[in-house]
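A closer look at the structure
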Amino acid sequence: MSKQSQLNRSNHRAITMLIRSMLQRWSGCLAGTALMTVSVASVVPEAATAQTAPLNPTLDVGIVQRFGSNSNDEIVLQPLTGDRLTLKFKTANQEQSVVTSNSVKLNITPQQLAEPVVNERVVLSTHRSFESAEDSANQWKARGVEVELAQPRQWQVWAKRDTYKTPLLRRLLMQNLRSNGSTSAFVDTQVQYQQPKAAFTVNGYRYERDELEITTANSRTQVTFNRDEHGRRLYAGSLRLQTNAYGTYTLVNQVPIETYLRGVVPHEIGLGAPQTTIEAQAVLARTYALRNVRRFAIDNYQLCADTQCQVYRGLEGAAPASDRAITATQGMVLTYQNELVDALYSSTTGGVTAPFSSVWNGPDRPYLKAVVDSVQNVWDLSRDSLADEANFRAFINSRTGFNEEGWNMFRWRVENTLPKIAADLKQYLQNQQHPLANFTTIQQLDVVERSPSGRVQRIAVQTDRGKVELEKDEIMRALYAPNSTLFYLDPIYEPTPNQGTAAPSAQPASVDTAQANPSPSPDPARVLKGYAFVGGGLGHGVGMSQTGAYRLGDLGWSSDRILSFYYPGTRLEPLNSSITFWREPETSDSLATTTKSRLQSKPQAKVQSQEKTTRQPSQPSLIPGLNQALDDKTPLRPRL
């Protein structure tokens, strides 16, 4: 693995991620504010591009995130019988290697700091999903603010810490953001008294180290993490413990993608699916992983192991059926105009898939369209748009002829009381430091806007302190009750004296009722108790429906036909050196042209070339005079 010691320091974190991944590990990530396109040739050495075997790049997957956020966190590493662990770390800047056949326990030692440390960052926006966070980051960059994407718990867009590195700069930034009308940004200030320190004991010696590499002869390691969602799992490849941007640690699994899929496919689609359905899932999981390696550039790895990326559990659950599907599709990816598609998929669509922009902010993908999830002519979207409330209610009350028919989450009804809705919303607003977070009661909910595919675009919540509007997938973060954004609201009332003791509950509207009263408002003559969320689907509903694909597989559809149904206009092809992994979407205020990022024989010269193609901002910075302040090297003492 070659190393580039002369890379520009301002791009160090992003470029280091790319270079570390050369040869057997690779990545494409955003450096600075330049818009880059990452292609297979960027990450595969020239000699390898002519090979006929499918490419099998190694991924960096964060299998334990935020290790050390709890003082009792503990990881146990164990080799298989007859094998040994090799641990590599540094002592006094010297490489050290220790070998053991015993298990090794990693735990956390809280270290008291000599004096309190103020950790501070400017949070520009907070999001439920990476997709909306990335679009927000692009918008901030277009306005002249340098940013980075983070996931301390929720996805956030931060003002770049290396740029806004003093209290004065951060407050200048906030002052100008507010003067320009921003309401989402805030300064997150935390005073730290202790620092979690990773420690391990091997061969009778105890070590405290921030970085640790773990390998075995047969590339198999058992990992036991004492959080319930993890437990004990077997991982292929190697492991690395490293620090993250939040003062804790990440345990990263470095694993070839075809092996990685063995821990993804059975958990994402289930082994009861038809074989061609599992093959379609394998293609999507492979494509999704390759396209999304930029997600955790801030923390120097590529993917996570939960539903914020794809569920990955190492070799646990690997089975012959899923292994056959991975082998049958080895190296195959889904593309559109020679670029990997945004291979999004969800459990259940509710009978109609959603375009990208119906769920997240950002430009639409031409191949992610509204598709009625049926092989029968059950609904004509061109004639009966689901943006119409009456049409939508009629659609939700249709239950036959769909691919997802018979699945529990195809149609659902969830009732919630006003106090519970208020508690969920209050928590959401407090996390965002919203000015209305101190409201007491909710008075009314209204669907304000719905997309042509039926997804709620905006919902208005009237509180005793004012109105809060929630948009797209943020609705799912603020309101716990709905299982998707494909729903309508029915008010639920307290029983009145003449109704006796039986409390009535709202019923799903019939077609006639829906058309007569498409969006019922609360009745002022009765006491509003809560709302019923009546809808369909589970998850975002973009791309392939996993339950719908079961039906298509049962009908004898091939994997490529299933993929064409959910991703029209796309192409199934082997991974090759001409394919672009990811191209940052252009925005209306784009600051730079898109460039090809390819590792040549002289990487340093290529980096310079990329910088030359970057245009200067086409509009003044948000912050007058800030550039001069950025050049001021005088250290400032933080104020508590």
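Heads up: the structure comes first, above all this text.
Heads up: these notes are all about the structure in this document. Remember, predicted model here, so these are calculated numbers, not experimental data.

Definitions and cut-offs
- Residues numbered from 1 in each chain as written.
- Predicted model: local features only at pLDDT ≥ 70, side-chain atom pairs only at ≥ 80, totals over all residues.
- Heavy atoms only, no water.
- Helix = DSSP H or I, 4+ residues; strand = E, 2+ residues; numbered from the N terminus.
- Buried < 20%, exposed > 50% of the residue type's maximum accessible area, 1.4 Å probe, protein only.
- Contact = heavy atoms within 4.5 Å.
- Areas by Shrake-Rupley, 256 points an atom, 1.4 Å probe, with all protein chains shown as cover.
- Pairing = 2+ DSSP bridges.
- Core = buried A, V, L, I, M, F, W, Y, C linked by side-chain atoms within 4.5 Å.
- Disulfide = S-S within 2.5 Å.
- Salt bridge = Lys/Arg side-chain N within 4 Å of Asp/Glu carboxyl O.
- Axes fitted to C-alpha atoms, helices over the stretch in contact; angles between N-to-C directions.

Here's the deal with the overall build of the protein chain
- Per the secondary structure count, the protein chain includes 16 helices and 29 strands.
- Burial statistics for the protein chain: of 640 residues in total, 55% are counted as buried.
- Of all intrachain contacts in the protein chain linking residues separated by at least 6 positions in sequence, the fraction that spans at least 24 positions is 72%.
- Roughly 28,100 Å² of accessible area belongs to the protein chain as shown, and the carbon and sulfur atoms make up 47% of that amount.

Quick word on the pairing of strand β5 (residues 94-100)
- Across seven bridges, the pairing between strand β4 (residues 85-91) and β5 is antiparallel. If you follow lysine 88 over to β5, its bridge partner there is serine 97.
- Where β4 folds back on β5, the antiparallel hairpin that results is connected by two residues, among which alanine 92 adopts a positive phi of roughly 50 degrees.

A look at the nonpolar core
- If you look at the biggest cluster of nonpolar residues, it comprises 102 residues, and the most contacted ones within it are Leu124, Tyr260 and Tyr567.
- Considering each element in turn, this core owes the most residues, nine residues, to helix α7 (residues 275-291).
- In contact with leucine 124, other than residues within four places in its own chain, are Trp140, Val145, Val147, Val157, Trp158, Ala159, Leu177, Ser184 and Ala185.
- In this structure, Leu418, Val447, Leu479 and Tyr531 belong to the second largest nonpolar core, which totals 28 residues.

Quick notes on the state of the cysteines
- Applying the stated criterion across every chain yields a total of one disulfide.
- Two residues, cysteine 304 and cysteine 309, share a disulfide whose sulfurs are 2.4 Å apart. In this structure the cystine formed by cysteine 304 and cysteine 309 twists about its S-S bond by roughly 115 degrees; its chirality is therefore right-handed.
- The exposure class assigned to cysteine 304 is buried, which follows from its relative accessible area of 0%.
- By relative accessible area, cysteine 309 is classed as buried at 7%.

Brief notes about the pattern of salt bridges
- Within this structure, the stated rule accounts for 26 salt bridges.
- The partner of arginine 240 in a salt bridge is aspartate 60, and the shortest N-O contact between them spans 3.8 Å. Taken as a pair, arginine 240 in strand β14 (residues 238-243) and aspartate 60 in strand β2 (residues 58-67) lie far apart in primary sequence, 180 residues in all.
- By relative accessible area, aspartate 60 is classed as buried at 2%.
- Members of the salt-bridge network, linked through shared partners, are Arg291, Glu339, Asp342, Arg365 and Arg583.

What to know about the environment of proline 152
- By the secondary structure assignment, proline 152 is in the loop between β7 (147-150) and β8 (155-159).
- Measuring from C-alpha to C-alpha, the distance between proline 152 and asparagine 244 comes to 9.4 Å, with 92 residues separating the pair along the chain.

Some points on the sheet that holds strand β25 (residues 528-535)
- Strand order in the open sheet formed by three strands is β20-β25-β24, with antiparallel pairing between adjacent strands. Taken across any chain shown, the strands that pair with only one partner, and hence form the sheet edges, are β20 (412-417) and β24 (487-493). The average angle at which neighbouring strand axes cross in this sheet is 25 degrees, direction not considered.
- Pairing of β24 with β25 involves seven bridges; the strand directions are antiparallel. Bridge pairing links phenylalanine 487 to glycine 535 in β25.
- Packed onto the sheet, helix α9 (residues 389-396) meets β24 and β25 and runs at close to 90 degrees relative to β24.
- On the sheet, helix α10 (residues 418-431) packs against β20 and β25 and is oriented at approximately 85 degrees with respect to β20.

A short note on helix α13 (residues 546-554)
- α13 sits mainly inside the fold: seven of its nine residues count as buried.
- Taken as a whole, α13 has its buried residues at Gln546, Thr547, Gly548, Ala549, Tyr550, Leu552 and Gly553.
- The secondary structure elements touched by the buried residues of α13 are α6 (265-269), α7, β19 (345-346), β26 (544-545) and α14 (559-566).
- A positive backbone phi angle near 90 degrees is found at glycine 556, which sits one or two residues after α13.

Thoughts on the pairing of strand β22 (residues 456-463)
- Of all eight residues that make up β22, six are buried, and the element is covered over most of its length.
- Two successive antiparallel strands, strand β21 (residues 442-450) and β22, enclose a turn made up of five residues, where glycine 454 displays a positive phi of approximately 95 degrees.
- What sits between the antiparallel neighbours β22 and strand β23 (residues 466-471) is a turn of two residues.

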